[in-house]
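Structural features, examined
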Amino acid sequence: MTTSDAVREAADRLDAAARSGVPGAPIRDLFAANDVVAAYAVQAVNTHRALAEGRRLVGRKIGLTSVVVQKQMGVGQPDYGMLFADMARGDAEDIALADVLQPKVEAEIAFVFGRDLDDERLTVVDLMRAIDFALPAIEIVGSRIANWDIRITDTIADNASSGLYVLGSRPVKLDAFDPRLCGMVVEKAGEPVSVGAGAACMGSPLNAALWLAKVMARAGYPLRAGDTILSGALGPMVPAQPGDVFDVRIDGLGAVRAAFAKE
């Protein structure tokens, strides 16, 4: 099988799992170990497929921002996936479990941009000037691969294990909170189930956002005014079950809720 054939086969497997609602086998058997170039090519095939079907691209998500998780995956940098408009859910809106496969929740900081970032020679100052506002966010990660049996090529190909996301409703300017030092707690039924801080995300969510902006500019798909990015987890992810309600609070940013329907 040629690389192009393998890319198409992997993309078709993941697309079939998403459409059927039944997770499938890992796709890493189709590629050399840690072949991230091929994995991103798979992601691109399904991104183009989604756009051709009329889905709207509204931003990006960053994954693998934890050094511990990077070591587990055998890589030395984060990864990225696409955010589409139909992945967004409202703050405290009921979320159907059928809308995401094998869901887990992560607390993150979302940045919304007010200007384009189309130069790969970006600095953190360029980034901060481009951020219009921030929001507390919950990423509901999901996997089209059964039992979360994933390695780096699996998760990249699978749109960085994307699912859904929920944004808070009170925009906050960047100078009103500290992205690095802000504390975070996720509560389920009033009990803490995950805690963390901005520093858990590559030292600061701004570091993760700058990495993404440079990578996207270099690849010819720069972040644009109006785009939203999920900058990476501030603490451990937590599995979600029917009827679960998760409340996230981030110091200086406020709160956001993900509520899963009982059936």
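Scope of this entry: the structure provided in the associated data block. These figures come from a predicted structure and were not determined experimentally.

Analysis parameters
Residues numbered from 1 in each chain as written. Predicted model: local features only at pLDDT ≥ 70, side-chain atom pairs only at ≥ 80, totals over all residues. Heavy atoms only, no water. Pairing = 2+ DSSP bridges. Helix = DSSP H or I, 4+ residues; strand = E, 2+ residues; numbered from the N terminus. Polar contact = N/O pair within 3.5 Å; in protein donor to acceptor, adjacent residues only side chain to side chain. Contact = heavy atoms within 4.5 Å. Core = buried A, V, L, I, M, F, W, Y, C linked by side-chain atoms within 4.5 Å. Buried < 20%, exposed > 50% of the residue type's maximum accessible area, 1.4 Å probe, protein only. Phe/Tyr/Trp six-rings, centres within 6.5 Å; stacked < 30°, edge-to-face > 60°. Salt bridge = Lys/Arg side-chain N within 4 Å of Asp/Glu carboxyl O.

**A short note on the pairing of strand β13 (residues 254–260)**
Sheet analysis places strand β4 (residues 94–95) next to β13, joined by 2 bridges and oriented parallel. Counted as the bridge partner of D94 is A259 from β13. The loop that links strand β12 (residues 245–250) with its antiparallel partner β13 comprises 3 residues; one of these, G252, has a positive phi angle of about 85 degrees.

**Topic: the side chain of N46**
Note on placement: N46 falls in helix α2 (residues 36–52). At a separation of 3.2 Å, a polar atom in the side chain of N46 contacts the main-chain carbonyl oxygen of A11. Setting aside chain neighbours within four positions, we find N46 in contact with A11, L14 and D15.

**With respect to the nonpolar core**
One finds F31, I109, F111, F113 and I140 to be the most contacted residues of the largest nonpolar core, which totals 83 residues. It is helix α6 (residues 205–219) that provides the largest number of residues to this core, a total of 9 residues.

**Let's talk about the side chain of N159**
Tracing the chain through its elements places N159 in the loop between α5 (152–157) and β7 (164–167). Within the structure, the side chain of N159 is placed 2.7 Å from the backbone nitrogen of M82, a separation counted as a polar contact. Among the polar contacts listed, one links the side chain of N159 to the side chain of S162, at a separation of 2.8 Å.

**What about the packing of aromatic side chains?**
Enumeration over the complete set of coordinates arrives at 2 aromatic pairs. A ring pair is formed by Y40 and Y80, whose centres lie 4.5 Å apart and whose planes are at 20 degrees; its orientation type is stacked. Placement of the pair is Y40 in helix α2 and Y80 in strand β2 (residues 79–84), with a sequence separation of 40 residues. Each member of the pair, Y40 together with Y80, is buried. Plain terms: the ring middles of F246 and F260 are 6.1 Å apart, the flat faces sit at 90 degrees to each other, and that makes the pair edge-to-face.

**Observations regarding the pattern of salt bridges**
Under the definition given, this model contains 20 salt bridges. Salt-bridge contacts for R13 lead to D29; the nearest nitrogen and oxygen are separated by 3.3 Å. Placement of the pair is R13 in helix α1 (residues 3–20) and D29 in the loop between α1 and α2, with a sequence separation of 16 residues. What makes R13 partly exposed here is its relative accessible area of 28%. Overall, the relative accessible area of 54% leaves D29 in the exposed class.

**Some details on the environment of L253**
Tracing the chain through its elements places L253 in the loop between β12 and β13. Residue classification places L253 among the buried residues on the basis of a relative accessible area of 1%. Through-space distance from the C-alpha of L253 to that of S161 is 25 Å; in sequence the pair is 92 residues apart. Those residues in contact with L253 that sit more than four places away from it in its chain are I109, A134, L135, P136, R170, V172 and F177.

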